[in-house]
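# Fold and geometry: a report
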Amino acid sequence: MRVVSGIQTTGNLHLGNYLGAIKNWVAMQDQGECLFFLADLHALTGNISPQELANSTIEMAATLMASGIDDRAVLFNQARVPAHAELCWILNGTARMGWLNRMTQWKDKAGKNREGASVGLFTYPVLQAADVLVYKATHVPVGEDQKQHLELARDIAAKFNTDYEVELFPLPEPFISKAAPRIMSLRDGSAKMSKSDPSDLSRINLSDDDDTIAQKFKKAKTDPEPLPDSFDALAERPEAKNLVTIFAALSDRDPQSVVAEFAGQGFGAFKPALADLAVSVLSPVRERLNQLLNDRAAVGAQLARGAERANTLAAPTLLAAQKAVGLQV
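Residues numbered from 1 in each chain as written. Predicted model: local features only at pLDDT ≥ 70, side-chain atom pairs only at ≥ 80, totals over all residues. Heavy atoms only, no water.

## So, helix α8 (residues 147-163)
We apply this condition: Secondary structure elements are defined from DSSP: runs of H or I of at least 4 residues count as helices, runs of E of at least 2 residues count as strands, and each element is numbered from the N terminus. Here the expected length of a helix is defined as 1.5 Å per residue gap, with one fewer gap than residues. Note on classification: 1.4 Å probe, protein chains only; a residue is buried when its accessible area is under 20% of the maximum for its type, exposed when over 50%, partly exposed between these limits.
Between its first and last C-alpha, α8 extends 24 Å over 17 residues, near the 24 Å set by a 1.5 Å rise per residue. For α8, the full list of buried residues reads H149, L150, L152, A153, R154, I156, A157, F160 and N161. After α8 finishes, the residue E165 shows a positive phi value of roughly 55°.

Structure representation (structure tokens):
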């Protein structure tokens, strides 16, 4: 099994990233060959300054390392492996406008001003396909919002193989962990926790200190009802359900066991317990992160070593794709 996944280098990583993706990435390192990359090329489709992009790449790499990504995996930033962009251009000849026009994220991000959106934003999913196909990935960790993009990657791979009569690209399968929860905003239980939310109170940043974590949970939106003895009973109480989900994910427990423990109690009792748990889990990550950020050159060197390994793995696939379309003989 070869697993490939990336995360865009914009903004600080938060609890939703940690519980929804990074924690699983750490576990995957023992389940197969893993390549994890900082998607700095993808970040160029948004409005980000050169200095912010450079800083974010190092800071997010350090965050992944502090969370437990180590030499069991290949960690690198996308721009250091030119094969991503080269294969993307080749696959642009295979992908179809109609396919890209149907991408939900394109519609959401471009909004009504599609004529003013960048070409990069439109072809973003083709680069995503190249990201995984260049390594012949067998599995890609995906959340609900990325399933459509993985299906596109499979369509592109299948069409390329058929058009050029080759068996170059395997069709990557989704790696969906049942343990990966969907973490919602602390201010709105119907919205996903996001680094783009203008309210910092909506999320727990992995860089937040202990007091800030405690205060954010104290101010988290809830309702006046006590916790029931059944997790299913929280279906119509999104903020309460979210806090129980976070507690369960941080403690590696089933949500039902959490509500059973706190049944009948209000959030005046639950929130401090949740804050203490979050601090115990996240403070070691933050301390390690601060150590790494005091030596950014070392983090950059780690990315360079990862890129060497990634370039070696990507080169044969890119060459085979070039030969298939006639760019190499």
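## Comments concerning empty space enclosed by the protein
For the record, the criterion: Only protein atoms enter the 1 Å grid used here, on which a cavity is any set of points holding a 1.4 Å probe that cannot leave and a pocket is any open set flanked by protein within 12 Å on both sides along at least five of seven lines; residues with an atom within 4 Å of a point are listed as lining. Grid points are joined across faces, edges and corners, and a volume is the space filled by probe spheres set on the points. By the convention adopted, Pro, Cys, Tyr, Trp, Phe, Met, Ile, Leu, Val and Ala count as nonpolar, Lys, Arg, Asp and Glu as charged, and the other residues, Gly among them, as polar.
Under the definition given, this model contains one cavity of 30 Å³ or more. Volume-wise, the largest cavity comes out at about 50 Å³. In terms of lining residues, the largest cavity is bounded by Q105, W106, K109, L121, Y124, P125 and H149. Its residues assigned to classes, the lining of the largest cavity shows four nonpolar, two polar and one charged.

## Side note on the pattern of salt bridges
In a structure, side chains of opposite charge can pair up when their charged atoms sit close to one another. Here is the rule: The salt bridge criterion pairs a side-chain nitrogen of Lys or Arg with a carboxyl oxygen of Asp or Glu, the two atoms within 4 Å.
By the definition in use, this model includes 13 salt bridges. Ionic pairing is found between R154 and E173, a salt bridge with its closest N-O pair at 3.4 Å. Highlighted residues: R154 in helix α8 and E173 in strand β5 (residues 173-175), separated in sequence by 19 residues. By relative accessible area, E173 is classed as partly exposed at 38%. For R203, the salt bridge identified is with D200, shortest N-O distance 3.7 Å. By relative accessible area, R203 is classed as buried at 9%. Through salt bridges with shared partners, one network takes in D200, R203, D208 and K216.

## Observations concerning unusual backbone geometry
Notably, K136 is not glycine yet its phi reads approximately 50°, a positive angle. Along the chain, the position of K136 falls in the loop between α7 (119-133) and β4 (139-141).

## Describing a positive patch on the surface
We count it as follows: Patch definition: residues with relative accessible area over 30% and no salt bridge; like charges joined within 9 Å; nonpolar side chains (Val, Leu, Ile, Met, Phe, Trp, Tyr) joined within 5 Å. Computed with the Shrake-Rupley method and a 1.4 Å probe, the accessible areas treat only the protein chains shown as cover for residues. Counted as positive: Lys and Arg. Counted as negative: Asp and Glu. His and the chain ends are not counted at all. In this description, the location of a charge corresponds to atom NZ of lysine, CZ of arginine, CG of aspartate or CD of glutamate.
On the surface, R187, K218, K219 and K221 cluster together to form a positively charged patch. Of note, K219 is situated in helix α9 (residues 210-219).

## Here we look at the packing of aromatic side chains
Heads up, the condition is: Pairing of aromatic rings covers Phe, Tyr and Trp, the last counted by its six-membered ring, and requires centre-to-centre distances within 6.5 Å; plane angles under 30 degrees mean stacked, over 60 mean edge-to-face, and any other angle means tilted. Lysine and arginine charges are scored as sitting over a ring when NZ or CZ, respectively, is within 6 Å of the ring centre and within 35 degrees of the ring normal.
Summed over all chains, the structure comprises 10 aromatic pairs. Taking the centre distance of 6.0 Å and the plane angle of 65° together, the rings of F76 and Y135 count as edge-to-face. Here F76, found in strand β3 (residues 73-77), pairs with Y135, found in the loop between α7 and β4; they are 59 residues apart in sequence, far enough to count as distant. Judged on exposure class, the residue F76 and its partner Y135 are both buried. A ring pair is formed by F262 and F270, whose centres lie 4.9 Å apart and whose planes are at 85°; its orientation type is edge-to-face. Its relative accessible area of 0% is what places F270 among the buried residues. Directly above the aromatic system of Y124 lies the positively charged group of K109, at a separation of 5.1 Å from the ring centroid.

## Some words on the nonpolar core
The nonpolar side chains of a soluble globular protein tend to be buried with one another. So the rule is basically this: For the purposes of this section, nonpolar cores are sets of buried Ala, Val, Leu, Ile, Met, Phe, Trp, Tyr and Cys residues that join through side-chain atoms within 4.5 Å. Residues count as neighbours in contact if any of their non-hydrogen atoms are within 4.5 Å of one another.
Judged by nonpolar contacts, the single largest core of 59 residues is most densely connected at L15, L64, F217, L243, I246 and F270. Among the elements that make up this core, the one with the highest residue count is helix α12 (residues 267-293) (11 residues). Once residues lying within four places of it in the same chain are set aside, the contact partners of L15 are M193, I204, L206, F217, I246, L250 and L282. Formed by 44 residues, the second largest nonpolar core is a distinct cluster that contains L121, A137, A153 and A157.

## Describing the confidence of the model for the chain
Using the following cut-off: In predicted models, pLDDT denotes the confidence assigned by the predictor to each residue on a 0 to 100 scale.
Predicted confidence across the chain gives a mean pLDDT of 93, with 97% of residues reaching 70 or more. Across the chain, the element-wise mean pLDDT spans from 83 in helix α6 (residues 104-110) up to 98 in helix α4 (residues 83-92).

## Observations concerning α7
At 3.6 residues per turn, the α-helix brings residues three or four places apart onto the same side. Here is the rule we go by: What we call the bend at a residue is the angle made by axes fitted to the seven residues finishing there and the seven residues starting there.
Between its first and last C-alpha atoms α7 spans 21 Å; for 15 residues at 1.5 Å apiece the expected length is 21 Å, and the two agree. Approximately 40° is the largest bend angle found in α7, and it occurs at P125. Listed as buried for α7 are L121, F122, Y124, P125, V126, L127, Q128, A129, A130, D131, V132 and L133.

## Let's talk about the packing of helix α10 (residues 238-250) against α12
So the rule is basically this: Axes here mean lines fitted to C-alpha atoms, for a helix over just the part in contact, with angles spanning 0 to 180 degrees between N-to-C directions. Handedness of each helix crossing follows the sense of rotation of the near helix against the far helix: counterclockwise by less than a right angle gives left-handed, clockwise gives right-handed.
One way to put it is that α10 packs onto α12 with a least axis distance of 10 Å and a crossing angle of 35°. Our pair here, α10 against α12, has a crossing hand that is left-handed. Contact residues: A240, L243, V244, I246, F247 and L250 in α10; F267, F270, K271, A273, L274, L277, A278 and V281 in α12. Of the residues assigned to the contact of α10 with α12, the class counts are 13 nonpolar, no polar and one charged.

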